[in-house]
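Per-entry structural report
If you want the building blocks of each chain, they are given just below.
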Amino acid sequence: MGPRQQGRDAKHSEHAETRGFATRCVATTPNDCTGAVVPPIYLASTYAHPVPGSCPAPAPMPCGTNEDGGHSYQRWSNPTRAAVEVAVASLEDAKHCYAFATGMAAIAAVFSTIKTGQRVLLCSSIYGGTFQYISSFFPSRGINYDLIEDLNTLRPEQIPADTAMIYIESPTNPCLRIVDIEHAADLAHSVGAVLAIDNTFQTSYLQRPLDLGADIVAYSATKYMAGHGDVLAGMVLMNDEHLSEQVRLAQVALGAPLSPFDSYSVIRGLKTMVVRMDRQMENAQILREFLTNHPLVERIYFPGSTSADEAAIHSRQSRGDGSVLSFNLAPEVDISKMVAALDIIGYAVSLGGVETLICHPASMTHASMNDDELAAAGISKRMMRLAVGIEDVNDLQKELDRALKAGAE
Ligand SMILES: *Cc1c(COP(=O)(O)O)cnc(C)c1O
């Protein structure tokens, strides 16, 4: 017997869909009998059945139960995980959401829907872990794939007939290239394929891919959603019932659902996501101007920086730029010396959290790429990626200036 389909009703109440985004982020309170203002963390690995063949009494929370209305075993369902799934689905008006232990587990679940002999087209310059997954597992699973430099100029007749999925990010990582989501959806649908998008860099606050024609949206909730650098989590959202069944099967059978405690951590993070992101974007805008004019910075990358076409697409499909930007150091800046001069800013991968982090994509996030692959993805060895946090921006600006100068000494 396979896992049973568990339709997850995204709406907390009949008024939920008229609520603003920030309200939905906060209003994750369970409608249970205790009046608790936050969902409890249900740690139980298993639930006792009253009589053989039945499930325990229905949970008071609106979802995440099996078809008998109760819970059975934590890998199958858990009330705290269900609460975060409902909350994240409601942010994007998605019919279904499944929470995973990490963003990569969520992405692996998305790719589990692809069968041997099928093809996946991906935008080049994808998240390093996703590249590691496809280059390690697609060949042994007999899945063909192509990395496409510019999906925006591709026409439907150029899409191979065996394509089952187009997989994109926009903005991409770390070059912040823009992929036209509506166009990518049209390309996918022209051959009966699905469009999947990793929307981690935007969140549903800034960009709503399901509304633009995407069929599956994946998130690393480790980033903006959780937001405090203390939890890994992943989400997969969709409206389609068949895709939902397949991703639900992956959640159960591949065995990487989000733990109850981490589910709670994401719920807490979501409540402040809007205020965090607003501040992060404000800081990022100031640092972007500062770095653009800095003599020791050769080139800067932000959403829309590559071309006017991409800028126009981005402003059409997104409400903001997020808080990640990349820049190439001038040749006289020594990366080690620059990093050694940092104090507040952590030299670390990750993004979307309260703390500002800087990393070197070629040796960190994209270390699994060889030189040719890096060049194809447009990633210079002199590129740094800055993920801006919520600190006092004057401190960040002073520190970047000091570190750049120390690197050039
Ligand atoms: C971090 C990240 C992932 C992977 O998420 P984990 O939670 O680290 O597994 C996937 N995609 C993007 C764009 C990311 O930034």
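As annotated in an unreviewed UniProt entry, the chain carries the name Homocysteine desulfhydrase and is attributed to Boudabousia liubingyangii. Taken verbatim from the UniProt record of the chain, the Sequence similarities (unreviewed entry) comment is "Belongs to the trans-sulfuration enzymes family." Entered under Cofactor (unreviewed entry) in the UniProt record, the comment concerning the chain runs "pyridoxal 5'-phosphate".

1. A few points about the packing of aromatic side chains
Inspection of every chain in the model, using the stated rule, returns eight aromatic pairs. On the numbers, 5.5 Å between centres and 20° between planes, the contact of phenylalanine 111 with tyrosine 133 is stacked. Here tyrosine 133 lies in helix α4 (residues 128-137) and phenylalanine 111 lies in helix α3 (residues 103-111), a separation of 22 residues in the sequence. Classification of tyrosine 133 by relative accessible area gives buried; the value is 13%. Pairing phenylalanine 111 with phenylalanine 138 gives two aromatic rings, centres 5.1 Å apart and planes at 80°, and the pair type is edge-to-face. Of the two residues, phenylalanine 111 is situated in helix α3 and phenylalanine 138 in the loop between α4 and β3 (144-148); the sequence distance between them amounts to 27 residues.

2. Here we look at the site of the ligand
Taken together, 13 residues form the shell around the ligand, and within it Gly103, Met104, Asp198, Thr222 and Lys223 come nearest. Interatomic distance of 2.8 Å between a backbone N/O atom of glycine 103 and an oxygen atom of the ligand. Side-chain polar atom of aspartate 198 to a nitrogen atom of the ligand: 2.6 Å apart, as the coordinates give it. About the coverage of the ligand: the protein hides 92% of its 380 Å² of free accessible area. Sorting elements by how many residues they give to the shell around the ligand places α3 first, with three residues.

3. A short note on a nonpolar patch on the surface
Taken together, the side chains of Ile41, Leu43 and Phe261 make up a nonpolar region of the molecular surface, amounting to roughly 300 Å² of accessible area. Tracing the sequence through the fold places leucine 43 in the loop between α1 (21-26) and α2 (79-91).

4. Focus: the confidence of the model for the chain
Averaged over all residues, the pLDDT of the chain is 91; the fraction at 70 or higher stands at 90%. Note that residues 1-12 has pLDDT below 50 and, in this model, 45 contacts with residues that lie over four places away or in other chains. Scored below 50 in pLDDT, residues 58-67 shows 32 contacts in the model against residues more than four places distant or in partner chains.

5. Digging into the UniProt feature "modified residue: N6-(pyridoxal phosphate)lysine" (unreviewed entry) in the chain
Those places that UniProt annotates as "modified residue: N6-(pyridoxal phosphate)lysine" (unreviewed entry) correspond, in this numbering, to Lys223. Positionally, lysine 223 belongs in the loop between β6 (216-220) and β7 (234-238). Overall, the relative accessible area of 8% leaves lysine 223 in the buried class. If near-sequence neighbours (up to four positions away) are discounted, lysine 223 is found in contact with Tyr127, Thr200, Ser350, Leu351 and Gly352.

6. Description of unusual backbone geometry
Of the consecutive residues serine 170 and proline 171, the connecting peptide bond is found in the cis state with omega at 0°. Relative to the assigned elements, proline 171 resides in the loop between β4 (163-169) and α5 (181-190). Residue proline 174 follows asparagine 173 across a cis peptide bond; omega there is 0°. Relative to the assigned elements, proline 174 resides in the loop between β4 and α5. Residues other than glycine seldom take positive phi values, yet aspartate 93 does so here, at roughly 50°. Secondary-structure assignment places aspartate 93 in the loop between α2 and β1 (96-100). Given the relative accessible area of 37%, aspartate 93 is considered partly exposed. For threonine 203, which is not glycine, the phi dihedral falls at a positive 65°.

7. Quick word on the sheet that holds strand β9 (residues 324-329)
Read across the sheet, five strands follow the order β8-β9-β12-β11-β10 without closing on themselves; strand pairing throughout is mixed. Of all strands in the sheet, those with a lone pairing partner are β8 (297-301) and β10 (346-347), marking the two edges.

Parameters at a glance
Residues numbered from 1 in each chain as written. Predicted model: local features only at pLDDT ≥ 70, side-chain atom pairs only at ≥ 80, totals over all residues. Heavy atoms only, no water. UniProt positions renumbered as here; feature names shortened; annotations may be inferred. Phe/Tyr/Trp six-rings, centres within 6.5 Å; stacked < 30°, edge-to-face > 60°. Helix = DSSP H or I, 4+ residues; strand = E, 2+ residues; numbered from the N terminus. Buried < 20%, exposed > 50% of the residue type's maximum accessible area, 1.4 Å probe, protein only. Near = heavy atom within 4 Å. Polar contact = N/O pair within 3.5 Å; in protein donor to acceptor, adjacent residues only side chain to side chain. Areas by Shrake-Rupley, 256 points an atom, 1.4 Å probe, with all protein chains shown as cover. Patch = residues over 30% accessible without salt bridge, like charges linked within 9 Å, V, L, I, M, F, W, Y side chains within 5 Å. Salt bridge = Lys/Arg side-chain N within 4 Å of Asp/Glu carboxyl O. pLDDT = per-residue confidence, 0-100. Contact = heavy atoms within 4.5 Å. Pairing = 2+ DSSP bridges.

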